[in-house]
Amino acid sequence: MKIKIKNTSIMFCVALVIGAGLTSVGTAQKPSTVPKMVEDVHSYSNPQAVRVRHVDLDWNVLFDKKILQGTATLSFERTSNEQNAPLILDTRDLQIAKIETSNNGKSYKPTEFKIGESDKILGAPLTIQLPKGAKFVRIFYSTSQGASGLQWLEPSQTAGKNTPFMFSQAQAIHARSFIPLQDSPQVRVTYTARVRTPKDLLAVMSAEGNSQTDARNGDYKFKMTKAIPPYLIAIAVGDLQFRSLGNRTGVYAEPSVVEKSAREFGDTEKMVEATEKIYGAYRWDRYDILVLPPSFPFGGMENPMLTFATPTILAGDKSLVSLVAHELAHSWSGNLVTNATWRDFWLNEGFTTYLERRIIEAVYGKPRREMEATLGKRSLIEEMAGMETRDQILYVDLKGRDPDDGFTGVPYEKGALFLRHMEESFGREKFDKFVRGYFDAHAFQSITTETFVTYLQKNLLDANPNLVSRADIDEWIYKADLPKNAPQPQSDAFAKVEAQTNNYLSGKLAAKDIQKEMWTTQDWLHFLKTLPEDVGAEKMAELDRAFNLTKVGNSEIAFQWLMMSIKNKYAAADARLEEFLISIGRRKFVRPLFAELAKTSADMKRACEIYAKSRAGYHPITQSSVDAIVKCS
Ligand code: BES
Ligand code: ZN
């Protein structure tokens, strides 16, 4: 059987229609707990016919070959009347040695399988024939060196420089590059894992079983007993130490940054408590944070029980911990109630950005919330100005596109403004109750935008007529641009910064006389963003003399300053730019800096020189983003 991409998706749609019909008639084989599957254009899998329930992993972590090698044993059930349907899984660049099936989980027999044509974005479908009565399938496989969801670091790329490091990043569709599975967020699974590593390294996963000590023996067991979407399966292996932060919170990091991390994240337990107070119990037992080496491509990743975080938020003054609030908030919005497909991504990120700001308000006060909301809205408006209208829609159409392209400010900031708009319209008390009820009603489920809208209509709009219209909701979710009624955050602190900025720009105030003693990181960011884009190298030199901005350690401020330096040809920051791009692989910083350099041919030449030195240290995700920008001959 040869599988072609186009045919598969057509077949999938047909199967869905039939499946939907069967659901309404009801079938004897179909357990009532099976949620309805919707079309997911980013998965080849067939959960509407055969649905994976549990994944059991047995891995050897082979640092010399840079591969994971072992088995994945999947338990599944039939979810339709098609008794002969094969099991179709997602894969990307996996080497499959053999596949066996079993009826009882004890005795296994080889079965036939076929790997279809590989698509650049989606990878390749793996079709496995299932003999009658089969309930388990065991796949013997290894990952490839270029697995898009893994990064293998040389000792030189770690903080400690002595031992190698490996970590995974599965969201959005990279789990398939290290596990053959049904890689759609609506296919929730529990998982267990046994992981063998070099004896002196510690393995951690997004599951129960993390050591909470510094002890290691090279043989680790994990279990995640709650059903999660595949993109939340995560592993890291390295020279890690643990520090406790509170009763159920802690941090793992390389020895040289573990103390700094523990200080930076000292408010984590408070954040968990503050979130529980508004949105109900934290349902994942522990909340730990893993600090990764600087090549981690994201700011943070909400892997359950164990947030993965970039070391670039270790500012020394807790000023960038809204990232922790954000990843923690995903324990409700995203991990508990999950987007069914990547089209519904705003359900994860919009809710989470809204919750993040509520947590910041509860722990650090309203002024801090308003500063961060102001910065968020401003960057959204700037970004949307250069964006195609189709990408300005919360319910974004990603057909034929990499879901990583949906990674813009729209699901985050427009989503958060939408929810804030409802908070302001219904009042905080009613809205908080609604959101808490929404989490409870959909706990451990993956839902679509439509399911959310139906629930909203019934539980908030109908119950409180005349406050927000359905047309208003539809405009927010299904239309481009920002609605006219979008909330406007108010920051008095920023108003004061603006007053000084204006005096500075009009010549009434010298740079050295700017009263910046009380400025927070957010004030600095607002100050820099309020300066005209073409402020000029001369003024930049003056600001640098007064504030030493080229040497600033805070990664967000440094990034902003370096963007301005490229735009204004401020050569004194050249060396710092190169050092920044070589030492940090966080895509949010690296991509815009290269994109700015790529705008002129002289700077493109510099970009090529820097990228030649930095590329090898970047994660595959960052590499492919920058490859698309930096074109060198
Ligand atoms: N879940 C995202 C990261 C993500 C999204 C990875 C889509 C891959 C595909 C995470 O929660 C996130 O949003 N991280 C942000 C930080 C946050 C404070 C806005 C980031 O990494 O910049
Ligand atoms: Zn997020």
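Residues numbered from 1 in each chain as written. Chains lettered and ligands numbered in written order. Predicted model: local features only at pLDDT ≥ 70, side-chain atom pairs only at ≥ 80, totals over all residues. Heavy atoms only, no water.

Draft legend 1. Up close: the coordination of the zinc ion (ligand 2). For the zinc ion (ligand 2), the full set of protein donor atoms is His-326 (NE2), His-330 (NE2), Glu-349 (OE) and Glu-349 (OE), at a range of 1.9 to 2.7 Å. Coordination at the zinc ion (ligand 2) is irregular, judged from the six donor atoms that bind it and the angles of 53 to 159° they form at the metal. Spacing between the donor residues of the zinc ion (ligand 2) along their common chain follows H-x3-H-x18-E. Of the two residues examined, His-326 and His-330, each falls in the buried class. (Donors = N, O, S within 2.8 Å, 3.2 Å for Na, K, Ca; no water. Tetrahedral: all angles 85-135°; square planar, octahedral: opposite > 155°, others 65-115°. Buried < 20%, exposed > 50% of the residue type's maximum accessible area, 1.4 Å probe, protein only.)

Draft legend 2. Layout of the nonpolar core. Counting 145 residues, the largest nonpolar core has Trp-59, Ile-179, Met-205, Phe-265, Phe-308, Phe-439 and Phe-452 as its most contacted members. Beyond its immediate chain neighbours, meaning those up to four positions away, Trp-59 contacts Leu-68, Gln-69, Tyr-141, Phe-178, Ile-179, Arg-194, Val-195, Arg-196, Met-205 and Ile-235. One finds Leu-375, Phe-494, Met-563 and Phe-594 within the second-largest nonpolar core, a separate group that totals 48 residues. (Core = buried A, V, L, I, M, F, W, Y, C linked by side-chain atoms within 4.5 Å. Contact = heavy atoms within 4.5 Å.)

Draft legend 3. Seen up close, the pattern of salt bridges. One pass over the structure, following the stated rule, counts 45 salt bridges. Its salt-bridge partner being Arg-606, residue Asp-574 comes within 3.0 Å of it at the nearest N-O pair. Of the two residues, Asp-574 is situated in helix H15 (residues 574-583) and Arg-606 in helix H17 (residues 601-614); the sequence distance between them amounts to 32 residues. Judged by its relative accessible area of 22%, Arg-606 falls in the partly exposed class. Taken together, the shared-partner salt bridges connect Arg-358, Glu-361, Arg-369, Glu-423, Arg-428 and Asp-432 into one network. (Salt bridge = Lys/Arg side-chain N within 4 Å of Asp/Glu carboxyl O. Helix = DSSP H or I, 4+ residues; strand = E, 2+ residues; numbered from the N terminus.)

Draft legend 4. View of unusual backbone geometry. Here the amide bond leading from Gln-171 into Ala-172 is cis, since omega sits at 0°, within 30 degrees of zero. The residue Ala-172 is located in the loop between strand S10 (165-168) and strand S11 (189-196) in this model. The phi torsion at Met-305 lies on the positive side, around 70°, for a residue other than glycine. Position of Met-305 among the secondary structure elements: in the loop between strand S18 (300-301) and strand S19 (306-309).

Draft legend 5. Quick peek at empty space enclosed by the protein. Following the criterion strictly, the structure yields three cavities of 30 Å³ or more and no others. Empty space within the largest cavity amounts to approximately 100 Å³. Among the elements of the structure, helix H5 (345-364), helix H6 (366-385) and helix H7 (409-426) are those that each provide at least two residues to the lining of the largest cavity. Tallied by class, the residues present in the lining of the largest cavity amount to five nonpolar, one polar and five charged. (1 Å grid on protein atoms, 1.4 Å probe; cavity = no way out; pocket = protein on both sides within 12 Å on 5 of 7 lines; lining within 4 Å. Points joined across faces, edges and corners; volume = space filled by probe spheres on them. Nonpolar A, V, L, I, M, F, W, Y, C, P; charged D, E, K, R; others polar.)

Draft legend 6. Broad picture of the site of ligand 1. In the vicinity of ligand 1, 17 residues are found, and the nearest of them are Gln-171, Gly-299, Glu-302, Glu-327 and Tyr-412. Glu-327 is positioned such that a nitrogen or oxygen atom in its side chain is 2.7 Å from an oxygen atom of ligand 1. In this structure, Tyr-412 approaches ligand 1 through a side-chain N or O atom, which is 2.6 Å from an oxygen atom. Elements with a contribution of two residues or more to the shell around ligand 1: S18, helix H4 (322-329) and H5. Here the element with the most residues in the shell around ligand 1 is H4; it accounts for three residues. Residue composition of the shell around ligand 1, by class: seven nonpolar, six polar and four charged. (Near = heavy atom within 4 Å. Polar contact = N/O pair within 3.5 Å; in protein donor to acceptor, adjacent residues only side chain to side chain.)

Draft legend 7. Structural view of the layout of surface pockets. Roughly 680 Å³ of volume is contained in the second largest pocket. In terms of lining, the second largest pocket is formed by 32 residues, of which the most central are Pro-294, Pro-311, Thr-312, Ser-583 and Ile-584. Of all elements in the fold, only helix H2 (255-264), H15 and H17 reach the threshold of two or more residues within the lining of the second largest pocket. Of the residues forming the lining of the second largest pocket, the biggest block, five residues, is contributed by H15. Among the residues forming the lining of the second largest pocket, the class breakdown is 14 nonpolar, twelve polar and six charged.

Draft legend 8. The arrangement of the sheet that holds strand S8 (residues 136-142) in detail. Spatially, seven strands are ordered S5-S4-S8-S2-S1-S11-S13 in an open sheet, and the strand pairing comes out mixed. Of all the strands in the sheet, the pair left with one neighbour each is strand S5 (109-110) and strand S13 (219-228). Looking at chain direction, strand S1 (residues 50-62) and strand S2 (residues 67-78) are connected through twelve bridges and run antiparallel. When the sheet's bridge partners are listed, Val-52 is paired in S2 with Phe-76. (Pairing = 2+ DSSP bridges.)

Draft legend 9. Here's a closer look at the packing of H6 against helix H12 (residues 521-530). Axis separation between H6 and H12 bottoms out at 10 Å; the angle between their running directions is 30°. When the axes of H6 and H12 are compared, the pair comes out roughly parallel. Between H6 and H12 lies a crossing whose hand is left-handed. For the pair formed by H6 and H12, the contact residues are Arg-368, Met-371, Glu-372, Leu-375, Arg-378 and Ser-379 on the first element and Gln-522, Asp-523, Leu-525, His-526, Lys-529 and Thr-530 on the second. (Axes fitted to C-alpha atoms, helices over the stretch in contact; angles between N-to-C directions. Parallel < 35°, antiparallel > 145°, perpendicular 65-115°, else oblique. Left-handed = near helix turned anticlockwise from the far one by under 90°.)

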